[in-house]
Amino acid sequence: MSETIAISCDQVSVEFAGGTGFAATGSVVRAIDDVSVGFAKSKISALIGPSGCGKTTLLRLIAGLQLPTSGSIHFAGLPNRGGNVAFVFQQPSLLPWRTALENVALPLKLLGRGNSRDRRDHAMRLIEAVELGNAANRFPNQLSGGMKMRVSLARALVTEPSVLLLDEPFAALDDMLRSQLGELLLGLWHERSFTAVLVTHNIAEACLLAHQIHAIDRGKVVRSLDNPLPWPRHESLRREARFGEFYGTLSDVLRNSG
Amino acid sequence: MRMTLFTKSFWLSVGSVACVAVIVLLFWNLAIFLFDLPAILLPTPWRVLEAAINERSALLEGTLVTGIAATAGLVSAIMLGSGLSILFSQSEVIRRALFPYVVFLQTVPIVAIAPLLITWSGYQFRTVVLVTVIICLFPIINSVTKGLMSIPKDLDDLFRLYGAGRVQRLLRLQLPSAIPDLVVGMKTSSGLAVIGAIVAEFFVGNGSSYIGLGTLMTGWQAFQRTDALIAAIFASTALGLLLFGSINLLAATVLSRWRE
């Protein structure tokens, strides 16, 4: 590959003891097994594989929310400042006592950036970018599942991160909302060109959204594929023959790797 | 909200409660008539009402005094309990060292320690408050500590990701997250507060100018004024309901945002 690598994982492993307390087995479980993989700068990479294969653990390692047992993770050419790596969780995970706007502004407040007015203005721009301008002052219990996930996406982008990590962010949504939010993510990526790593177990989602796809099984990256589908991409691409062709290829890879 | 308060279901609830009250009153009267019970054992509801009217100023004053003591004890328990819970949530060593004593405090019968507290603190208002604090403390500490310690993992990760320190995490995440648990503790303790105050008054009131509902009850019991005694029981129930209702109203207002 000729692209610049933004994030490189070098021989990363994560181990933990099998069982806990009285149920401790004395055995060691390898959640991530000697993984070396690079994620291209300003591209969307997908980590795909069955449940429990280690996708989320790898994402948490990149975010620094968990430490590897061995190996290292490097960020190339990224400014070293707080808020440079953002995370979108599987659930929207909003603070229920804060409005959508306040939830979006939260990372800026935690990082101590700007004054209250600056933070509010900046958060409002992001709320508008995710098409929720008229719901800015609503509390999470007044928002639908899709709206909450939009707020979560806006919150992640409010610090203008270079790296956006997404842990199955649309998994809990129905197909219609999933495709709407997929389109929204593509639009935001076009505007901002962040490096994104998307964890998913949805093959169609990986085909539509990612430049590169890494198949993971039992803690190892078993195959990396460049996505040949053209850019810019839209939902309509799903109806084209070449989408179906690549979908089939990826399905075969996953089936054979398992 | 105000418009929808008196709905059909509200009136249905009020109607059902009123029906049960009428049935109880009928059985009460019937029992007196059938077993020929003397008024000293069980006065008629009408005599209880008469006693309540005749003793209205004593009852009102007693209810007010007990209400102030119960509220002061509850508020003190909320502040002390929340403070201790914050301490427990910030240090595992402190939590492990002190939490067993909190449980111990809960297991000691309040009737057993009330006389000891009177010996130490005297026959006065502050002893009643102290007993109330002790009885109210455990539900508050238990609920608030649980709330402070059970932060959703994603939110905890979010705060870590943006480098939030211990204070930021406590003020912006743990404390607001624990509000619903605090309310649960307050609801439990609000019922206990009136019990604690009246139990303390049984002991405190006998030797001082302090006159709460518990004091009136012991006095009327000594003079075999069963009608006034029952009126005082109703007054204490009304006080408990008022305190519990106030906490519920506060909870409904404050917690509307917390519902996902």
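Residues numbered from 1 in each chain as written. Chains lettered and ligands numbered in written order. Predicted model: local features only at pLDDT ≥ 70, side-chain atom pairs only at ≥ 80, totals over all residues. Heavy atoms only, no water.

1. A short note on helix H7 (residues 241-257) of chain A
Residue and element names in this part refer to chain A. Between its first and last C-alpha atoms H7 spans 24 Å; for 17 residues at 1.5 Å apiece the expected length is 24 Å, and the two agree. By the burial criterion, the buried members of H7 are Phe243, Phe246, Leu250, Ser251, Val253 and Leu254. The buried side chains of H7 occupy one side of the element, clustering within an arc of 160° when seen end-on. Exposed side chains of H7 directed beyond 90 degrees from the buried face belong to Ala241, Glu245, Arg255 and Asn256. Looking at the buried side of H7, the elements it contacts are strand E3 (44-48), helix H6 (203-209), strand E8 (212-217) and strand E9 (220-226). (Helix = DSSP H or I, 4+ residues; strand = E, 2+ residues; numbered from the N terminus. Expected span 1.5 Å × (residues − 1). Buried < 20%, exposed > 50% of the residue type's maximum accessible area, 1.4 Å probe, protein only. Arc of directions from axis to C-beta. Contact = heavy atoms within 4.5 Å.)

2. Digging into the nonpolar core
Counting residues in each nonpolar core, the largest one holds 100 residues, and the members touching the most others are Leu164(A), Leu165(A) and Leu250(A). Setting aside chain neighbours within four positions, we find Leu164(A) in contact with Ala86(A), Val88(A), Ala156(A), Leu157(A), Leu185(A), Phe194(A), Thr195(A), Ala196(A) and Val197(A). With 54 residues, the next largest nonpolar core counts Val102(B), Leu117(B), Ala200(B) and Ala235(B) among its residues. (Core = buried A, V, L, I, M, F, W, Y, C linked by side-chain atoms within 4.5 Å.)

3. Comments concerning the packing of helix H2 (residues 100-111) of chain A against helix H3 (residues 116-129) of chain A
All names here are of chain A. Contact geometry for H2 and H3: axes closest at 9 Å, N-to-C directions at 120°. What the angle tells us is that H2 and H3 run oblique. Judged by the twist between their axes, the crossing of H2 over H3 is right-handed. Counting all contacts with H2, which are made through Ala100, Leu101, Val104, Ala105, Leu108 and Lys109, the residues of H3 involved are Arg119, Arg120, His122, Ala123, Met124, Leu126 and Ile127. By residue class, the composition of the contact of H2 with H3 is nine nonpolar, one polar and three charged. (Axes fitted to C-alpha atoms, helices over the stretch in contact; angles between N-to-C directions. Parallel < 35°, antiparallel > 145°, perpendicular 65-115°, else oblique. Left-handed = near helix turned anticlockwise from the far one by under 90°. Nonpolar A, V, L, I, M, F, W, Y, C, P; charged D, E, K, R; others polar.)

4. Re the sheet that holds strand E1 (residues 5-17) of chain A
Residue and element names in this part refer to chain A. Ordered by their spatial adjacency, three strands build an open sheet running E2-E1-E4, and the pairing between neighbours is antiparallel. Whereas interior strands pair on both sides, the edge strands pair on one side only; in this sheet they are strand E2 (28-40) and strand E4 (70-75). Averaged over neighbouring strand pairs, the angle between their axes works out to 15° when direction is ignored. For E1 and E4, the ladder comprises five bridges, and the chain directions are antiparallel. Paired with Cys9 across the strands is Ile73, a residue of E4. (Pairing = 2+ DSSP bridges.)

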